[in-house]
Amino acid sequence: NAGVTQTPKFRILKIGQSMTLQCTQDMNHNYMYWYRQDPGMGLKLIYYSVGAGITDKGEVPNGYNVSRSTTEDFPLRLELAAPSQTSVYFCASSYSGSVPYNSPLHFGNGTRLTVT
Amino acid sequence: AQSVTQLGSHVSVSEGALVLLRCNYSSSVPPYLFWYVQYPNQGLQLLLKYTTGATLVKGINGFEAEFKKSETSFHLTKPSAHMSDAAEYFCAVSDTNTGNQFYFGTGTSLTVIP
């Protein structure tokens, strides 16, 4: 099984450029998440989605946008890239059945983004 | 708001020695607790989780963790470290108040000395 797939693996952007980080999962999970990981800071939630057509902000949403048109895909859009967005971005998914919040996250391998 | 504290951003142990990685959480309701491991240039993988029931939870690769409500702790242990255990370890918490969100600690980097 592919699980959670993220593309690209690496990207260098110039300040002010835009890009979309792609994330797709083949596990039919209803929940999907975007995190950023900075050294010594752990993972911070950017946006999440509980199902197609539904998205919500996490802890650090500024400068990002998401959409969820299908169960499988959850792209993250960066508009007007800034150096503060240099980070490693992880997409994750989980299945929330009859008991919410106790299903573990399945992570992709990350996208390493540098903004210069 | 929920929070997770991992004491010690770097831990070094000798091969064969006990591994102890500490995690304390704050939650006003019964929590769900998780430990994840991250190897270089990879995403996080689930080691183990506590939801309800037995407070001693066994995971993959010989790791286990004990939920102690009175201490609000969920420390990760392994009796004998192996070189392949060298990685970054993250503790995470969720509960019915977190609105589908998971809160992660800042991570502990484990070095195993041969």
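Residues numbered from 1 in each chain as written. Chains lettered and ligands numbered in written order. Predicted model: local features only at pLDDT ≥ 70, side-chain atom pairs only at ≥ 80, totals over all residues. Heavy atoms only, no water.

1. Describing the interface of chain A and chain B
The cut-off we apply is this: In this description, contact between two residues means that some pair of their heavy atoms is separated by no more than 4.5 Å. When two parts are put together, the accessible area they lose, computed with a 1.4 Å probe and summed over both, is reported as buried area. Any Lys or Arg side-chain nitrogen found within 4 Å of a carboxyl oxygen on Asp or Glu counts as a salt bridge. Here a polar contact is recorded for every N or O atom pair within 3.5 Å, except that within protein the pair must consist of a potential hydrogen donor and a potential acceptor, and residues adjacent in sequence are included only if both atoms are side-chain atoms. Here a helix means four or more residues in a row that DSSP labels H or I, a strand means two or more in a row labelled E, and each is numbered from the N terminus. Each residue gets one of three labels, nonpolar for Ala, Val, Leu, Ile, Met, Phe, Trp, Tyr, Cys and Pro, charged for Asp, Glu, Lys and Arg, and polar for the others, Gly among them.
On the chain B side, the residues contacting the 26 residues of chain A number 23 residues. In this assembly, chain A packs against chain B so that about 1,900 Å² is buried in total across both faces, 57% of it on carbon and sulfur atoms. Our count for the contact surface shared by chain A and chain B stands at zero salt bridges. Linking chain A to chain B there are three residue pairs in polar contact (both at pLDDT 80 or more). Among the secondary structure elements, those contributing two or more residues to the side of chain A that touches chain B are strand 4 (31–38) and strand 5 (42–51) of chain A. Considering only residue class, the side of chain A that touches chain B consists of 15 nonpolar, eight polar and three charged.

2. Some thoughts on the state of the cysteines
All names here are of chain A. Using the following cut-off: Cysteine sulfur pairs qualify as disulfides if the two atoms are within 2.5 Å. Only protein chains enter the calculation, and the probe is 1.4 Å; a residue is then buried if its accessible area is under 20% of its type maximum, exposed if over 50%, and partly exposed in between.
All told, the structure shown has two disulfides over all chains when counted by the stated rule. Between the sulfur atoms of C23 and its disulfide partner C91 the distance amounts to 1.8 Å. Judged by the sign of its S-S torsion, about -70 degrees, the bond between C23 and C91 is left-handed. Residue C23 is located in strand 3 (residues 19–25), and its partner C91 is located in strand 9 (residues 87–94); the two are separated by 68 residues in the primary sequence. Given a relative accessible area of 3%, C23 falls into the buried group. Judged by relative accessible area, C91 falls into the buried class, the value being 0%.

3. Focus on the packing of aromatic side chains
As a reminder of what qualifies: To pair, rings of Phe, Tyr and Trp, with the six-membered ring standing in for Trp, must have centres within 6.5 Å; the planes then decide the type, stacked if under 30 degrees apart, edge-to-face if over 60, and tilted in the middle. Definition used: whenever NZ (Lys) or CZ (Arg) falls within 6 Å of the ring centre and also within 35 degrees of the ring normal, the charge is taken to sit over that ring.
Counting across every chain of the model gives 16 aromatic pairs over all chains. Both rings, one in Y33(A) and one in Y48(A), keep their centres 6.2 Å apart while their planes meet at 25 degrees; by these two values the pair is stacked. Here Y48(A) lies in strand 5 and Y33(A) lies in strand 4, a separation of 15 residues in the sequence. Seen in terms of ring centroids, F34(B) and Y36(B) are 6.2 Å apart; in terms of plane orientation they differ by 25 degrees. Their pairing is stacked. You'll find F34(B) and Y36(B) in the same group, each marked buried. These aromatic residues form a ring-pair network of at least three members: Y31(A), Y33(A), Y35(A), Y48(A), F90(A), F107(A), F34(B), Y36(B), F102(B) and F104(B). One cation-aromatic arrangement involves R68(A) over F74(A); the distance from NZ or CZ to the ring centre is 6.0 Å.

4. Here's the deal with the pairing of strand 4 of chain A
All names here are of chain A. Filter applied, for reference: For two strands to be treated as a pair, DSSP must find at least two bridges joining them.
Counting buried residues along strand 4, eight of its eight residues qualify, which places the element largely inside the surrounding structure. Covered by surrounding structure in strand 4 are Y31, Y33, Y35 and Q37 together with M32, W34, R36 and D38, the residues of both alternating faces. As defined by bridge partners, strand 4 adjoins strand 9 across seven bridges and the pair is classed as antiparallel. Residue R36 lies in a different strand from strand 9, and its bridge partner there is Y89. Sheet analysis places strand 4 next to strand 5, joined by seven bridges and oriented antiparallel. Paired with Y33 across the strands is Y48, a residue of strand 5. Hairpin geometry of strand 4 and strand 5 is characterised by an intervening segment of three residues between the two adjacent antiparallel strands and by a positive phi of about 75 degrees at G40.

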